[in-house]
Amino acid sequence: MSRRMDTMFCNRENADDLELPFIHDKMLSYCYNMLARMGNIHEAEVAAIALYFLSNIEAKLLCRQTFRLIKRPETSGEIDSLVQMGPEDQLMTLTDNKVKQRIFYRELLKFLKHKLAKRAGDYDCLLTKRILEVAKMFNLNEADQEILLMKYLYVHQNRFQRLADLCSDIYGSQQRFNKLTAPIMALLSGRSSSQISGALDRSSALMSSYLLDDDRHLVNEIADYLNGQSEDAIQNSLFAKVEQPALALADSTIDPKHIALITDLLTNRADQRGLNILLYGQPGTGKTEFVRSLAQAIGYDLYEIKKGTEYNSFGFNYRAIKTCCAQIPTKHSLIVVDEADSFLNVLRHEFGGRYRSTEEKGLLNSLLESHSHNMIWITNQTSSMDDSSRRRFDFAVHFPKLNFTQRKTIWTNAIATYNLQSKISEADIESLTDRYEANAGNINATLRACQQILPHTPERNIQETIDMFLQAQLVLQNERVPTQDFRTANAVEYSLEGLQIQGDINSSLNILEKFSIYLEQTQQDAAIRNMNVLLYGPPGTGKTEFAKYLSRHLKKRLIVKQASDLLSMWVGATEQNIRELFQSAQQERAIIFIDEADGLFASREYAQRNWEVTQANELLTNMENFRGILICSTNFNQHIDSAAIRRFNLKLKFDYLNSEGNAIFYNKTLAKLATNQLTSSEQEQLGGLQQLTPGDFKI
């Protein structure tokens, strides 16, 4: 016997730790198939493994029969002594010459055949029960179940692994990490190679249910379940019923018309037909909370597909969805597949283009068409969804970036949830909503942290604490972090007095006031839809402050964006940002202010790249269709596209201050800091300074 075998075997007493008698009989079956099919190749090692799994009584019977055939008288003590030996010593004693070898191997084969023919059909053990549960759940046949068992044993039973390794020596397997190939499993199980190969085909039940990964290994949660590491039913690792209470449906951030339509679709679905609703848009816009509120409102049980931890998340999701559909009733229930980006976006990107994953696309489309449940799918992006998959959704709702009204609703609800109403006033909510373009996740994380620490630190200022938490999150997400309330900054000091504005400013303000009133009083088909204002001139001349002043004057919210807030490194993302900006402002009836707009309105005549043209076109289109007031400022109006210039109804130039303006802004800002009033000579010097701007007087 080899030294490797010596270290592999132990006394038969330890075999009682295995799943008796199921594992014993299966291992003996595999040994029999190898001895019967392989002849004298590796027969010593296979026979030793078979001896390990025989009981003491069976070993006695085999030894006695072997002694009888070689015409050797034996005593009861000699047989008992032989049985007490380890399998390798038994084998050496019974096969110490060629005659004994042939007799022993022949008798062992006959003994195993007779034993296996008499074995019981059912085994009452955890492993067999769980294999049957998996088989029932995923519609597996006997060959599939045999493969599951062998894949399990290869990891958890070193003697089975040794049998597979011996087979791989014969077949010359070159697969370093997966020696349990189809021919080897066919040999061990006694089944045909075509039957095993068919069970491992990509379209088979094992593979299409993703019970095996691409390397034909058991996936994690199936392996853990069969091994007994998971005490719960297998479906508990795949989906769960959502029990936690949700917000009222009326507090949702989406259009009430969409809510009504989705409710009607769910409550009036035909019995045999599944329903697919897609919710997509930016993270943190309330998609998941909406589904929970919806299920609560219509009285449906909500089941959520869990997130997989394995590399092939598509496989996990597919397996989990199929299991969930098989386990829960089709009526009065709702399945939500959250964070389904990798599952729905089956187009894969490679250098130079993208290709279609035909297999995953086919499985996805088949699933969308074949299930009979109410299903809501949630994804942040749809750019890599195949058109054939998009067509299979009954309804889709886009969740854009939260607007002011939606953010305020989320702040109000979250403050109530965390019982912070006494610490955060309505004015505080208004300020937080206006300053921070935070999503629902940011808001909830911030308030949850405040709730945890504030009871223990009463001296802490809650506003400063909220600012620190929010700013940390926004910086992490590469979002703009305001240092003050942009809309109301400098509200007390600002006035039009002293500004050097070329144009009739009073007439322009009057026009904007009347247009604002007109817009409030008319419907969507108004003859005049928008008023576009261009503010241009040198830096620091008061353009930005004028936009803030106008929003306060008209009592409208001001949405402030710099060109850098809208520009993106991704193709098409700039156009999407522009589109969402105008949509959000129109919903809120807010004024849009784009600072440094020349970065977006660059003349198309000198464009060198296609995206420079498309982003200018997108901005011009939205300018025409926007129902509201748009203000753009630039220091370089000569760089703006001529078509854009024509679309501005009002153009106001902000120039350097004159001598009177110098004096006015000095008295507004610096005079109160001076010890003495300016002398006549100093006043004359101040008036003579050239190219001063209001920005030069800021402290």
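About the criteria used
- Residues numbered from 1 in each chain as written.
- Predicted model: local features only at pLDDT ≥ 70, side-chain atom pairs only at ≥ 80, totals over all residues.
- Heavy atoms only, no water.
- Helix = DSSP H or I, 4+ residues; strand = E, 2+ residues; numbered from the N terminus.
- Buried < 20%, exposed > 50% of the residue type's maximum accessible area, 1.4 Å probe, protein only.
- Contact = heavy atoms within 4.5 Å.
- Areas by Shrake-Rupley, 256 points an atom, 1.4 Å probe, with all protein chains shown as cover.
- Axes fitted to C-alpha atoms, helices over the stretch in contact; angles between N-to-C directions.
- Parallel < 35°, antiparallel > 145°, perpendicular 65-115°, else oblique.
- Left-handed = near helix turned anticlockwise from the far one by under 90°.
- Nonpolar A, V, L, I, M, F, W, Y, C, P; charged D, E, K, R; others polar.
- Polar contact = N/O pair within 3.5 Å; in protein donor to acceptor, adjacent residues only side chain to side chain.
- 1 Å grid on protein atoms, 1.4 Å probe; cavity = no way out; pocket = protein on both sides within 12 Å on 5 of 7 lines; lining within 4 Å.
- Points joined across faces, edges and corners; volume = space filled by probe spheres on them.

A.B. asks: Describe in detail the overall build of the protein, supporting the description with residues and values.
C.D. replies: When its secondary structure is counted, the protein shows 32 helices and 14 strands. Per-residue burial for the protein yields a buried fraction of 50% across its 699 residues. Pairs at least 24 residues apart make up 77% of the contacts formed inside the protein by residues separated by at least 6 positions. When the accessible area of the protein is evaluated, it comes to approximately 34800 Å², of which 48% is carbon and sulfur surface.

A.B. asks: Tell me what's going on with the packing of helix H3 (residues 43–52) against helix H7 (residues 98–117), and back it up with residues and numbers.
C.D. replies: In contact at an axis separation of 11 Å, H3 and H7 are set at 45 degrees when each is read in the N-to-C sense. By the angle between their axes, H3 is oblique relative to H7. Relative to H7, H3 is oriented so that their crossing is left-handed. Across the interface between the two elements, Glu43, Ala44, Ala47, Ala50 and Leu51 from H3 touch Arg102, Phe104, Tyr105, Leu108 and Leu112 from H7. Of the residues in the contact of H3 with H7, the class split is 8 nonpolar, no polar and 2 charged.

A.B. asks: Provide a residue-level description of the side chain of Asp467, including the pertinent values.
C.D. replies: Mapped onto the secondary structure, Asp467 falls in helix H24 (residues 462–476). Engagement of the side chain of Asp467 in a polar contact is seen with the side chain of Tyr436, the distance being 2.8 Å. Once residues lying within four places of it in the same chain are set aside, the contact partners of Asp467 are Leu432, Arg435 and Tyr436.

A.B. asks: An account of empty space enclosed by the protein is requested, with residue identities and associated values reported.
C.D. replies: Overall, the coordinates contain 2 cavities of 30 Å³ or more when judged by the stated rule. Of the volumes computed, that of the second largest cavity is approximately 40 Å³. Taken together, Pro400, Lys401, Asn403, Gln406, Glu580, Gln583, Ser584 and Gln587 make up the lining of the second largest cavity. Ranked by residues supplied to the lining of the second largest cavity, first place goes to helix H28 (residues 573–588) with 4 residues. Among the residues making up the lining of the second largest cavity, the classes are represented as 1 nonpolar, 5 polar and 2 charged.

A.B. asks: If you had to explain the layout of surface pockets to someone new, which residues and values would you point to?
C.D. replies: Vacant regions in the atomic arrangement are exposed by a probe of water-molecule size rolled over the atoms. The computed volume of the largest pocket comes to approximately 1600 Å³. The wall of the largest pocket is formed by 45 residues, among which Gln282, Ala573, Gln576, Asn577 and Glu580 lie closest to the centre. Sorting the residues of the lining of the largest pocket by element identifies strand S2 (275–281), strand S11 (558–562), helix H27 (563–566) and H28 as the ones contributing at least two each. In the lining of the largest pocket, the residues fall into 15 nonpolar, 18 polar and 12 charged.

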